[in-house]
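Spelled out from the first residue to the last, the chains are:
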Amino acid sequence: MYHILILDDEEPLREAIRILGEWDNLKISEIYEAINGQEGLSILREHHIDLIVVDMKMPGMNGVEFLKKVKQEYPDMLTIVISGYNDFEYTHQAIRSNVLDYLLKPVNRHELNDTLRKAVHLLQERQQQHQQKIQQHRALHVSLPKLKENIYQSLIDKRFKKQGNEDMLAMIGAEDDTCYHGAVVLRILNIEQVRRQRFYGDTSLLYFAIANVLNECTEDDIQYFCFANQRLEREMILIYHARHRYPQELGFAVQQRVRSLIQTLEHLLDLYIIAGSGTPSNDIQQLATAYEQGKHMIEQMNILELNRSMIIPYEQRNAIAESHSLCSRMPQIRTLLENGHFPQIHRIADELIAMIKQSPYLSMHMAEYSLHDFEGQLYEITRELDQRLLEDEPAITNARKERIQIHTLDMMNIAQWEQHVHDIITHYAEMVRKSGGSRQSFHISDIRAYIDQHYFEEIKISMFTDKYYLSREYLMKLFKQEYQMGIHEYVQQLRMDKAKILLNEEGLKIQEISEMLGYKDKNYFSKAFRNYYQLSPSEYRAQRSAISNK
């Protein structure tokens, strides 16, 4: 709703404007009145006014002087001039004062309301623009963390160009070249367990909780910002900025702080985290180097010694040769899969794992890589053994991606890594066993045998696809190749053959026969029988009876 001020020393004119104006339609709720410019300014200073209707000739401060004052104090105020003097001086001042319109006395109803509508329309546009600015400000405030995340991610990915983007760095408070910047990489070792038990499977909520704890650790001269790595599961990145600190002193202070924080997360959320820190630099584009250093320290962590949360500072290390492999006996594993000797595959894995455990060193990187390699080779073997995979490879490939994601597996110690090895073996052994890849798997005659025993029950193709892990198309194809008809055709033929035998039994009613064959009612059975033999069950009985009496 809008407020208007009518400024005129003649009461009849003010009254006429009150009568002629369509105030309700224009959403003007308050009308103030003044008899001269000085009184009008007082009202403006005491009340919120959206629009002024002013007469140019008044005693004391006239319209010309009033408009000059309004322009100085309220430069955006909308004004409408009404005057009985078609005088150039007044018109000129009205133009200079950004008057919306200039109306001559006597006031015309249509001209007045047209001008008022124009004013209200402008007021509405201004309100919309004001609301848009408010929303933009709120959006910027809300999206600032996301802006930080995107900029830091692009710095780490080496996609951010400092030149030409200084204003963006200023928006997130990272433009100071005298400031030191660094990165700490955090690997969450038991993300699946905590996500499932505490966060209802919601990864975003888990990341949000971690970031909240880490972002609250800001100190007087060290600023922290934590976010989930957009490129890698179970990894979060902690960016820090500091002034008035030497790099070595800063690195030590950050390590102490992060060590305390990951212990807090372990206590609050049962999270186990290892962190790797890089060396700080006063060049913000060196964040990528600090990130790579921190990630390198995590990847080189000896999983044989891993049993708690920790932070590892960056240091130059000589590469340690690793010769561990879970795939050295893959030809033998293939043979065992093909012949269905699945327990022996687990025994081979135990032998290989025992050899790995006897070595002094197994890096986190090698532990993950060995699982990837082992799972990938088992998948390829299963593809070759399992005809279903050859028939429907895209669908199975997607299923594999959903089932096996090495980078999302919890790995807090060597025992958990060992369990993953056996879980992968079990997964592919079960796939081969159920889908027909091994020599101990089913034959299509198993489905016919089941139908022969259960023809009076409802037979659905999904019963067999679910049981044997075969696609519908492949199962139907196998059955037709073997028996020259589809599964539904075979069920119908079997029921109709049984129907003839039962109809020869004179003591059985057609309703009873219908139930014995698994039909819903005798009408449905009679219709199916007629469609198959071109005569009804009753006609068939009559025909058989006539033949017997001859």
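Look above for the structure.
Residues numbered from 1 in each chain as written. Predicted model: local features only at pLDDT ≥ 70, side-chain atom pairs only at ≥ 80, totals over all residues. Heavy atoms only, no water.

**Here we look at the sheet that holds strand β1 (residues 2-7)**
Next up, step 1: Taken together, the five strands give an open sheet; going across it, the order is β2-β1-β3-β4-β5, and neighbouring strands pair in parallel fashion. One side of each edge strand has no neighbouring strand; the edge strands of this open sheet are β2 (28-34) and β5 (101-104). Strand-to-strand twist across the sheet, computed as the mean angle between neighbouring axes with direction ignored, equals 20°.
Next up, step 2: Bridge analysis of strand β3 (residues 51-55) against strand β4 (residues 78-83) gives five bridges, and the strand direction is parallel. Bridge pairing in β4 places Asp-55 opposite Ile-82.
Next up, step 3: Taken strand by strand, helix α1 (residues 11-20) contacts β1, β2, β3 and β4, and its axis lies near 175° from that of β2.
Next up, step 4: Together, β1, β3 and β4 form the strand contacts of helix α3 (residues 63-73), whose direction differs from that of β3 by roughly 155°. (Pairing = 2+ DSSP bridges. Helix = DSSP H or I, 4+ residues; strand = E, 2+ residues; numbered from the N terminus. Axes fitted to C-alpha atoms, helices over the stretch in contact; angles between N-to-C directions. Contact = heavy atoms within 4.5 Å.)

**Some remarks on the sheet that holds strand β6 (residues 180-188)**
Next up, step 1: Strand order in the open sheet formed by five strands is β7-β8-β6-β9-β10, with mixed pairing between adjacent strands. Here the strands that pair on one side only, and so sit at the sheet edges, are β7 (222-228) and β10 (310-313). Averaged over all neighbouring strand pairs, the angle between strand axes comes to 20°, with direction disregarded.
Next up, step 2: Relative to strand β9 (residues 273-277), β6 runs antiparallel, the two sharing five bridges. Within β9, the position partnered with Val-185 by the bridge is Gly-276.

**Quick notes on the nonpolar core**
Next up, step 1: By size, the foremost hydrophobic cluster in this structure holds 61 residues, and its most contacted members are Tyr-152, Leu-337, Phe-374, Leu-378, Trp-417 and Val-421.
Next up, step 2: With residues up to four places along the chain from it excluded, the contact list for Tyr-152 reads Ile-172, Ala-174, Phe-225, Phe-227, Ile-239, His-241 and Leu-287.
Next up, step 3: Counting residues in hydrophobic clusters, the runner-up holds 34 residues, among them Ile-222, Leu-238, Val-254 and Ile-262. (Core = buried A, V, L, I, M, F, W, Y, C linked by side-chain atoms within 4.5 Å. Buried < 20%, exposed > 50% of the residue type's maximum accessible area, 1.4 Å probe, protein only.)

**Quick look at the packing of helix α19 (residues 472-483) against helix α20 (residues 487-503)**
Next up, step 1: At their nearest, the axes of α19 and α20 sit 9 Å apart, and the two run at 50° to each other. In terms of orientation, α19 lies oblique with respect to α20. On α20, the residues touching Arg-472, Leu-475, Met-476 and Phe-479 of α19 are Ile-487, His-488 and Tyr-490. (Parallel < 35°, antiparallel > 145°, perpendicular 65-115°, else oblique.)

**Details of the packing of aromatic side chains**
Next up, step 1: All told, the structure shown has 15 aromatic pairs when counted by the stated rule.
Next up, step 2: A centroid spacing of 6.4 Å and a plane angle of 15° characterise the contact between Tyr-152 and Phe-227, whose relative ring orientation is stacked. Separated by 75 residues along the polypeptide, Tyr-152 in helix α5 (residues 109-156) and Phe-227 in strand β7 bring together distant segments of the chain.
Next up, step 3: Looking at Tyr-152, the relative accessible area reads 1%, which means it is buried.
Next up, step 4: With relative accessibility at 2%, the residue Phe-227 sits in the buried group. (Phe/Tyr/Trp six-rings, centres within 6.5 Å; stacked < 30°, edge-to-face > 60°.)

**Overview of the side chain of His-241**
Next up, step 1: Tracing the chain through its elements places His-241 in strand β8 (residues 235-242).
Next up, step 2: Residue classification places His-241 among the buried positions, given a relative accessible area of 8%.
Next up, step 3: The contacts of His-241, once residues within four sequence positions are left out, are Tyr-152, Ala-174, Cys-179, Tyr-180, His-181, Asp-221, Ile-222, Gln-223 and Ile-284.

**Quick look at the pattern of salt bridges**
Next up, step 1: Scanning the model with the defined rule gives 22 salt bridges in all.
Next up, step 2: For Glu-384, the salt bridge goes to Arg-334, with nearest N and O atoms at 2.6 Å. Of this pair, Glu-384 sits in helix α13 (residues 364-385) while Arg-334 sits in helix α11 (residues 330-338), placing them 50 residues apart in sequence.
Next up, step 3: Shared partners join several salt bridges into a network, and the residues in it are Asp-8, Asp-55 and Lys-105. (Salt bridge = Lys/Arg side-chain N within 4 Å of Asp/Glu carboxyl O.)

**Side note on helix α10 (residues 287-299)**
Because an α-helix completes one turn every 3.6 residues, residues spaced three or four positions apart along the sequence face the same direction.
Next up, step 1: Taking 1.5 Å of rise per residue, 13 residues should cover 18 Å, and α10 covers 18 Å from first to last C-alpha, within 8% of that figure.
Next up, step 2: Within α10, burial applies to Leu-287, Ala-288, Ala-290, Tyr-291, Gln-293, Gly-294, Met-297 and Ile-298. (Expected span 1.5 Å × (residues − 1).)

**A closer look at the packing of helix α8 (residues 203-215) against helix α9 (residues 247-269)**
In helix packing, the relevant descriptors are the interaxial angle and the interaxial distance, both defined with respect to the helix axes.
Next up, step 1: Put simply, α8 and α9 touch, their axes get as near as 10 Å, and they point 135° apart. Taken together, the axes of α8 and α9 lie oblique to each other. Helix-helix and strand crossings are classified by hand; for α8 and α9 the assignment is right-handed. For the pair formed by α8 and α9, the contact residues are Ala-209, Ile-210, Val-213 and Leu-214 on the first element and Leu-261, Thr-264, Leu-265 and Leu-269 on the second.
Next up, step 2: A breakdown of the residues in the contact of α8 with α9 according to their chemical character gives seven nonpolar, one polar and no charged. (Left-handed = near helix turned anticlockwise from the far one by under 90°. Nonpolar A, V, L, I, M, F, W, Y, C, P; charged D, E, K, R; others polar.)

**Focus: the side chain of Arg-234**
Next up, step 1: Turning to its location among the elements, Arg-234 is positioned in the loop between β7 and β8.
Next up, step 2: Given the relative accessible area of 4%, Arg-234 is considered buried.
Next up, step 3: A distance of 2.5 Å separates a polar atom in the side chain of Arg-234 from the backbone oxygen of Ile-188.
Next up, step 4: Reaching out from Arg-234, the side chain makes a polar contact with the backbone oxygen of Leu-189 at a distance of 3.3 Å. (Polar contact = N/O pair within 3.5 Å; in protein donor to acceptor, adjacent residues only side chain to side chain.)

**Things to note about the environment of Asp-8**
Next up, step 1: Structurally, Asp-8 can be placed in the loop between β1 and α1.
Next up, step 2: A sequence separation of 27 residues divides Asp-8 from Ile-35, and the C-alpha atoms of the two residues are 4.9 Å apart.
Next up, step 3: Within the local environment of Asp-8, its side chain forms a polar contact with the backbone nitrogen of Glu-10, the two atoms lying 2.7 Å apart.

**Looking at unusual backbone geometry**
Next up, step 1: Of note, Arg-234 is a non-glycine position whose phi angle comes to about 55°, a positive value.
Next up, step 2: Phi is positive for Gln-534, close to 65°, though the residue is something other than glycine.
Next up, step 3: For Gln-534, the location among the structural elements is in the loop between α22 (522-533) and α23 (537-549).

**Let's talk about the pairing of β8**
Next up, step 1: A large share of β8 lies buried, amounting to eight of its eight residues.
Next up, step 2: Going residue by residue along β8, you find Glu-235, Ile-237, Ile-239 and His-241 tucked away on one face and Met-236, Leu-238, Tyr-240 and Ala-242 tucked away on the opposite face as well.
Next up, step 3: The sheet contact formed by β6 and β8 spans eight bridges and is antiparallel. Looking across to β8, one finds that Gly-182 is bridged to Tyr-240.
Next up, step 4: Relative to β8, β7 runs antiparallel, the two being bridged by seven bridges. Residue pairing across strands places Cys-226 opposite Leu-238, the latter belonging to β8.
Next up, step 5: Taking the residues that link successive antiparallel strands as the turn, the β7-β8 hairpin has six residues, and the phi of Arg-234 there is positive, at about 55°.

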